[in-house]
Amino acid sequence: MEAPRRGNGQDFNPSAPYRMYHGDKIPGFPQHPHRGFETITATIDGLIDHADSVGNAGRYGEGDLQWMTAGKGVVHGEMFPLVHKDKPNHTRFFQIWLNLSKKDKMVDPSFAMFWANDVPKYTSADGKAAVTTWFGDYFIDNNIHPNNNKPPPNSWASNPANDVAVLHITLQPGGTIIVPKSHIAPADPCNRSLYLVEGYNLGVNIGGTVVKESEGQCIEVDSSVDMELKLPADATGSCEFLLLQGKPIDEPVVQHGPFVMNTRSEINQAFDDYRRTGFGGWPWKRDDMVFPQDKGRFALLYGEETTPTDNTCSE
């Protein structure tokens with residue numbers, strides 16, 4: 001199944017009936033390089049086909065979470081397969097770029113896949129507040145296996161002292177939730193940003209202040225105190241938030257396109273290395289690698305394939 005037109009690289013209009021992004025016949029992002037940081041791809045709806053220069057691959061979505069450390073360099077593609085003929089192929093997800101410290105920017109690439117049933121989730125007693133903990137030691141049941149929330153080994157998030165957290169919070173009308181203060185603040189600095197994703201046009205109470213849609217979509221909040229989020233009972237629908245938190249790396253950041261380094265010369269070196277080596281080359285038969293329409297969710301990691309019925313895989 002293919003889309004009716006090609007993408008032009010500027011196809012990001014949210015009002016369009018569908019978007020191709022950089023895709024030719026299938027929407028998505030064909031092979032492209034990264035160096036110096038990590039991607040955390042947290043899915044909500046739909047499917048993503050992943051293929052990379054290491055030979056790893058996967059089809060994931062519907063709540064699955066993929067964590068990729070680009071390190072010294074990796075090439076990957078992210079395509080949105082058109083698996084449904086009888087209904088729209090909607091895809092809804094967040095991709096978060098997490099910087100690597102200088103000492104880890106040139107490590108070997110590594111990966112982790114967490115299937116939806118392994119991703120920690122919390123629901124309040126009244127059912128009006130829910131949290132998906134994509135990463136962090138917040139709203140975690142004591143029975144959750146620690147590997148269900150474990151990033152690749154060189155991640156800034158792998159050190160608990162950095163108190164990294166990535167939370168997806170949903171409130172129904174009349175819902176309230178208290179986000180605990182940071183585990184390390186105020187003794188250590190810890191940034192906390194709250195992104196208001198959707199559903200707050202009539203106002204949402206954040207730490208005692210009512211915020212409306214016209215007042216911005218990102219709020220820097222004090223991580224050293226508990227934060228109450230409250231959606232009025234007369235709200236017309238649910239409200240969603242994305243909370244990002246962590247101790248700052250406190251190093252220079254220079255970003256150009258798909259590379260995040262510490263200096264301009266390192267960016268130039270990344271481009272030179274990619275042109276010279278292709279970061280290992282591309283082992284797949286097409287740049288926009290898409291798997292068969294009837295293929296289920298899977299992860300192929302260093303030659304071993306797992307599925308959502310298997311254990312979480314990481315390397």
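Residues numbered from 1 in each chain as written. Predicted model: local features only at pLDDT ≥ 70, side-chain atom pairs only at ≥ 80, totals over all residues. Heavy atoms only, no water.

A. Spatial organisation of the overall build of the protein chain. Counting its regular elements, the protein chain contains one helix and 23 strands. Relative to its length of 315 residues, the protein chain is compact, with a C-alpha radius of gyration of 20 Å against a globular reference of 20 Å. Its C-alpha atoms give the protein chain principal-axis dimensions of roughly 55 × 50 × 40 Å. Across the 315 residues in the protein chain, those meeting the buried criterion constitute 50%. For the protein chain, the computed accessible surface area is about 15,200 Å², with 49% contributed by carbon and sulfur atoms. For the protein chain, the distance from the average site of its 28 positive side-chain charges to the average site of its 40 negative ones is 4 Å. (Helix = DSSP H or I, 4+ residues; strand = E, 2+ residues; numbered from the N terminus. Rg over C-alpha atoms; globule rule 2.2 N^0.38 Å. Buried < 20%, exposed > 50% of the residue type's maximum accessible area, 1.4 Å probe, protein only. Areas by Shrake-Rupley, 256 points an atom, 1.4 Å probe, with all protein chains shown as cover. Lys, Arg positive; Asp, Glu negative; His and termini not counted. Charge placed at Lys NZ, Arg CZ, Asp CG, Glu CD.)

B. Here's a closer look at the packing of aromatic side chains. Evaluation of the coordinates by the stated rule reveals eleven aromatic pairs. Their ring planes at 80 degrees and their centres at 5.3 Å tell us that W67 and F135 sit as a pair that is edge-to-face. With W67 in strand β5 (residues 65–69) and F135 in strand β10 (residues 129–135), this residue pair connects regions lying 68 residues apart in the sequence. A centroid spacing of 5.2 Å and a plane angle of 85 degrees characterise the contact between F291 and F298, whose relative ring orientation is edge-to-face. Accessibility expressed as a relative area gives 4% for F298, which makes it buried. Clustering of aromatic rings is evident, with ring pairs tying together F259, F271, Y274 and F279. A cation over a ring is seen here: K295 above F298, with NZ or CZ 4.5 Å from the ring centre. (Phe/Tyr/Trp six-rings, centres within 6.5 Å; stacked < 30°, edge-to-face > 60°. Lys NZ or Arg CZ within 6 Å of the ring centre and 35° of its normal.)

C. Representation of the side chain of E240 within the structure. Counting through the fold element by element, E240 comes out in strand β18 (residues 239–246). In this view, E240 contacts R92, H168, I169, T170, Y195, L196, V197 and E198; residues no more than four positions away in its chain are not counted. (Contact = heavy atoms within 4.5 Å.)

D. Local environment of the confidence of the model for the protein chain. Confidence in the prediction of the protein chain, expressed as mean pLDDT, is 90, and 90% of residues score 70 or more. When mean pLDDT is taken per element in the protein chain, strand β20 (residues 259–261) scores highest with 98 and strand β23 (residues 313–314) scores lowest with 52. (pLDDT = per-residue confidence, 0-100.)

E. Seen up close, the sheet that holds strand β6 (residues 74–79). Here six strands make up an open sheet; going across it, the order is β1-β6-β3-β4-β21-β22 and the pairing antiparallel. Every interior strand has two partners, whereas the edge strands, β1 (28–34) and β22 (304–306), have only one. Averaged over all pairs of adjacent strands, the angle between strand axes in this sheet comes to 20 degrees, irrespective of strand direction. Relative to β6, strand β3 (residues 47–52) is paired through four bridges, and the arrangement is antiparallel. (Pairing = 2+ DSSP bridges. Axes fitted to C-alpha atoms, helices over the stretch in contact; angles between N-to-C directions.)

F. Region of the structure containing the sheet that holds strand β15 (residues 209–211). Spatially, four strands are ordered β12-β17-β14-β15 in an open sheet, and the strand pairing comes out antiparallel. Where the open sheet ends on each side, the last strands, each with one partner, are β12 (176–179) and β15. Each strand of the sheet is rotated relative to its neighbour by a mean of 25 degrees, with strand direction disregarded. Here two bridges tie strand β14 (residues 204–206) to strand β17 (residues 227–230), and the two strands are oriented antiparallel to one another. In the sheet register, N205 faces β17, and the bridge partner there is K230.

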